[in-house]
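Structural overview
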Amino acid sequence: ISFRCMGCSTEEMGLFLDFNPFDNLLCILLGISFTVWFTLLLVFIIVPAIFGVSFGIRQLYMKTLLKIFEWATHRIERGEPTSLEEEIKEIRRSGSNRDLDHASEFEMSDIFYFCRQGVESIMDDEVTKRFSAEELESWNLLTRSNYNFQHISLRLTVLWGLGVVIRYGFLLPLRVTLAFTGVGLLVVLTSIIGFLPNGRMKNFLSEQVHLMCYRICVRALTAIITYHDSENKPKNGGICVANHTSPIDVIILASDGCYAMVGQIHGGLMGVIQKSMVKACPHIWFERSEVKDRHLVAKRLSDHVEDKTKLPILIFPEGTCINNTSVMMFKKGSFEIGSTVYPVAIKYDPRFGDAFWNSSQFGMVNYLLRMMSSWAIVCSVWYLPPMTREEGEDAVQFANRVKAAIARQGGLVDLLWDGGLKRGKVKDTFKEEQQKLYSKMLVGTQEDRSRS
Amino acid sequence: MGSRASTLLREEEIEEIKKETGFSHSQITRLYSRFTSLDKGENGTLSREDFQRIPELAINPLGDRIINAFFPEGEDQVNFRGFMRTLAHFRPIEDNEKNKDPTASEPLNSRSNKLLFAFRLYDLDRDDKISRDELLQVLRMMVGVNISDEQLGSIADRTIQEADQNGDNSISFNEFIKVLEKVDVEQKMSIRFLH
């Protein structure tokens, strides 16, 4: 016993002399957990991203989440959705309340048609609801997607609390680390590649680097993407057009193929990224002043497209972020250039997290934080067969044809309205068209009467 | 965004609006979130500009007249109660309401009130009469520049001739009702809401 005590006391004395035993323990624990953390990160996420393989962890995660959501579903009762178009067609069929016995060209009740249309649009119109996030039928445990969040039941609230802890305590730091890694690697590696002489080696390396970094970013958002019809992927010398929901669209498309980006040069971190990207392969960045000059823009785009060694251009013709329930008017600029257009449809699954960026509500950083603290971003990408402008078709008709194809594939509503209505006013020409249509009804009847 | 809607509309208010307009609870909350999404200034009232921001309303030839119907005489702001009161005119008439207690005040969506809404769209100066001038102005709004003044004038004259019974060259509300007695107002001036 005395022998053991001596041993103990010497140890204790030794320890007391150096430092507090708990500090030491804490350091060791931290060190171990950090190493484990980083190794896991490396093995399960970064290495597969580099080689483009997947363990299927995210698919499993998605299935588990879906089961939990079904359990927690809180169904909002909905009757038959009234379609604005159906109601207007019905009123038109019954005429503007013309009493056929009298056959006069104007009835005081004509006003009912405009009246009802107007009040319907006050209650709910097709356009303004495209600019706010889609309403969900079941709740996915994110307060931001439940407009009537109230205390429903204790179990649900506990589940929600657990969800918050997991999302903000575990997922968010993981994703932020990955994001920094991905972006950092992109900047560093593309700058290095910029020193190489132009040639096949440089292009090959640049493609690999871009793909790798985008794949890391994809994992940083826990984006689970399904690509369909990859045989239609855009080729060099073409223009890839897609519907726009958020800035993440770029990452989603660029992690599966190499594109030349088009955009305005920003300052700050974005600017640094843009400048280093362009060292490795030719992207098209415009100064703010050049953006207004449509001819300059068109010229640079067509120059790029003619050079067959350069990558296909990626363009979002809607011009602004739409909430992914419809496709709005495509601006015709990219369709005037005259090269092959490769349409791509992107549809997000809103059950896991709403990817729509309402730029009037959140800034970019706020938006990215929201994305990274969602459960996951699940989306489908369809590569549609290439289209070219046909004989006798002008740019606007071509643009509408492409838009219809994208809307049909993605299951989105095809709208003629301009995405610019998010910020600006509607043009008067639309009102004039309505007036013209109504006038024809009045004057047309008069002609019939004079004939008979 | 969503939490604003549920905290600012109290249960008592919803009950009052229910009694006054006949909308259901879910319809009222839904319209309230619509009201707040239109209210860009976030001050609990809508101005004419808030309405004009709706593109489908802005291109409606009678858009301005419809917007005007929401604002009482001389006022520039409408609150949620006023908004609902005007929208109530377009609530469909349900069968069980047709045989209601005759001593109760007329519901906002009765046939007569629907016709009154339409009448007020024509009656620009709110003097309870549609003069030839007012009719011309409204017609001009509906047809734009596509019909000449003379043609439009003759249309207006013909309409007033057919409707006017007491010879004062303008249409009163009773004459208006008579002209439209065959029209299915209940159906044409009703909007099916989302449940």
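Residues numbered from 1 in each chain as written. Chains lettered and ligands numbered in written order. Predicted model: local features only at pLDDT ≥ 70, side-chain atom pairs only at ≥ 80, totals over all residues. Heavy atoms only, no water.

Concerning the overall build of chain A
Within chain A one finds 14 helices and 9 strands. Burial statistics for chain A: of 452 residues in total, 44% are counted as buried. Relative to all contacts within chain A whose residues are 6 or more apart in sequence, the contacts with residues 24 or more apart total 77%. As displayed, chain A offers around 24600 Å² of accessible surface, 62% of which is attributable to carbon and sulfur atoms. (Helix = DSSP H or I, 4+ residues; strand = E, 2+ residues; numbered from the N terminus. Buried < 20%, exposed > 50% of the residue type's maximum accessible area, 1.4 Å probe, protein only. Contact = heavy atoms within 4.5 Å. Areas by Shrake-Rupley, 256 points an atom, 1.4 Å probe, with all protein chains shown as cover.)

Observations regarding the overall build of chain B
Summing up its helical and strand segments, chain B has 13 helices and 4 strands in all. Taking all 195 residues of chain B together, 48% fall into the buried category. Of the contacts formed within chain B by residues at least 6 apart in sequence, a portion of 56% connects residues at least 24 apart. For chain B, the accessible surface area stands at approximately 9700 Å², while carbon and sulfur atoms represent 46% of it.

Some thoughts on the pairing of strand β8 (residues 377-383) of chain A
Residues and elements named next belong to chain A. Along β8, 7 of the 7 residues are buried, which leaves the element largely enclosed by surrounding structure. Neither face of β8 is left uncovered, since the one carrying I377, C379, V381 and Y383 and the one carrying V378, S380 and W382 both have all their residues buried. Here 6 bridges tie strand β7 (residues 341-349) to β8, and the two strands are oriented antiparallel to one another. From the neighbouring strand, D349 faces β8, where its bridge partner is V378. (Pairing = 2+ DSSP bridges.)

Looking at the environment of A:I337
Residue and element names in this part refer to chain A. The residue I337 is located in the loop between β6 (326-327) and β7 in this model. Here the alpha-carbon distance between I337 and K299, two residues 38 residues apart in the chain, equals 8.6 Å. If near-sequence neighbours (up to four positions away) are discounted, I337 is found in contact with I239, A298, L301 and S302.

Brief notes about the nonpolar core
Membership of the largest hydrophobic core comes to 65 residues, with the highest contact counts inside it found for B:F51, B:F83, B:Y122 and B:F176. Taken domain by domain, this core gets at least three of its residues from each of domain 1 (11-89) and domain 2 (107-189) of chain B. For B:Y122, the contacting residues outside a window of four places in its chain are A:F106, A:E107, A:M108, A:I111, B:I130, B:E134, B:L135, B:V138, B:M142 and B:F176. (Core = buried A, V, L, I, M, F, W, Y, C linked by side-chain atoms within 4.5 Å. Domains from an automatic or database assignment.)

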